[in-house]
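Report on the structure
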Amino acid sequence: MCIRLTEKLILASASPRRAELLRLLGLDFDVIPSHMDEASIHGETPPEQVLRLSREKAGRIADLFPEAMVLGADTVVVIGGRVLGKPGTVEDAREMLEALSGREHIVFTGFSLISRRLELQVSQVVQSAVLFKEIPEDEISWYVHSEEPYDKAGGYAVQGMGAFFIREIRGSYTNVMGLPLSEVVETLKDLGTLTFSGDSHDR
Ligand SMILES: Cc1cn([C@H]2C[C@H](O)[C@@H](COP(=O)(O)OP(=O)(O)OP(=O)(O)O)O2)c(=O)[nH]c1=O
């Protein structure tokens, strides 16, 4: 059995989680982060924001590597109309977790695939709803003094210790982690750049 990309794939992201998810499939790709400034634009909705940023991240690397297929993504957490990025300080992280405690929030991830050579650009946004338990103060204090919240949108990691805050997820789990794997694979396949084959003699 084999999975094969017809184009050179570059993941334009510094997120180890995104690379980890792509690696699960055994895909061969390079990682070249775009190091973009991720400021929001006034009046932009969360889906618009993650789509734009994913396009900008992929676009910047696609300009440098026009022969490659470049994947960029951006994730935000939205609670009660507020967009949460990554917490900068212990106080930020505490405040985010207090806002998420006992409530449902939405995680939006936008992703873009861009190939300059093929003159191709596709983007999609995926959303998941996550319900947190009421988090007691001692657990918040313990968590914000760990390393975990600081490079994660919303200040928690579904794939890490933050897992025990979660009562329910509706939608894609990998989307919450930062890359909706099912939709990314589907898009690569629809673009004709990814093929799967199985041979009964292999297994
Ligand atoms: C909600 C949540 C987010 N995250 C991460 C995924 C992303 O790495 C990060 C959101 O920040 P992003 O700005 O989307 O990505 P990034 O800065 O880490 O990487 P790059 O811009 O180079 O692509 O939050 C988790 O790992 N687990 C979670 O449960």
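Residues numbered from 1 in each chain as written. Predicted model: local features only at pLDDT ≥ 70, side-chain atom pairs only at ≥ 80, totals over all residues.

Comments concerning the site of the ligand
Surveying the vicinity of the ligand reveals 24 residues, the closest of which are Ser-13, Ala-14, Ser-15, Val-158 and Gly-178. Among the secondary structure elements, those contributing two or more residues to the shell around the ligand are β4 (69-79) and α5 (173-177). Among the elements that line the shell around the ligand, the one with the most residues is β4, at 4 residues. When its residues are assigned to classes, the shell around the ligand shows 11 nonpolar, 6 polar and 7 charged. (Near = placed C-beta within 6 Å. Helix = DSSP H or I, 4+ residues; strand = E, 2+ residues; numbered from the N terminus. Nonpolar A, V, L, I, M, F, W, Y, C, P; charged D, E, K, R; others polar.)

Focus: the environment of Gly-110
Tracing the chain through its elements places Gly-110 in strand β6 (residues 104-115). A count of 26 C-beta atoms within 10 Å places Gly-110 in the buried class. Considering only alpha carbons, one finds Gly-110 and Phe-196, 86 residues apart in sequence, at a separation of 25 Å. Discounting chain neighbours no more than four positions away, the residues touching Gly-110 are Pro-47, Val-50, Leu-51, Leu-53, Ser-54, Ala-73, Asp-74, Ser-123 and Val-125. (Buried ≥ 20, exposed ≤ 12 C-beta atoms within 10 Å, placed from the backbone. Contact = placed C-beta atoms within 7 Å.)

Re the environment of Pro-16
Within the secondary structure layout, Pro-16 lies in helix α1 (residues 16-23). Look at Pro-16 and you get exposed, because 11 C-beta atoms sit within 10 Å. For Pro-16 and Val-31, which are 15 residues apart along the polypeptide, the C-alpha to C-alpha distance reads 9.6 Å.

What about the pairing of β4?
For β4, the tally of buried residues reaches 10 of 11 residues, placing the bulk of the element in the interior. Strand direction decides the pairing type here: strand β2 (residues 9-11) and β4, joined by 3 bridges, are parallel. Considered in β4, the bridge of Ile-10 is made with Val-70. Pairing analysis gives 9 bridges linking β4 to β6, with the strands arranged antiparallel. From the neighbouring strand, Val-76 faces β6, where its bridge partner is Phe-108. In the sheet, β4 pairs with strand β5 (residues 82-84) via 3 bridges, with the strands oriented antiparallel. Residue pairing across strands places Val-77 opposite Leu-84, the latter belonging to β5. (Pairing = 2+ DSSP bridges.)

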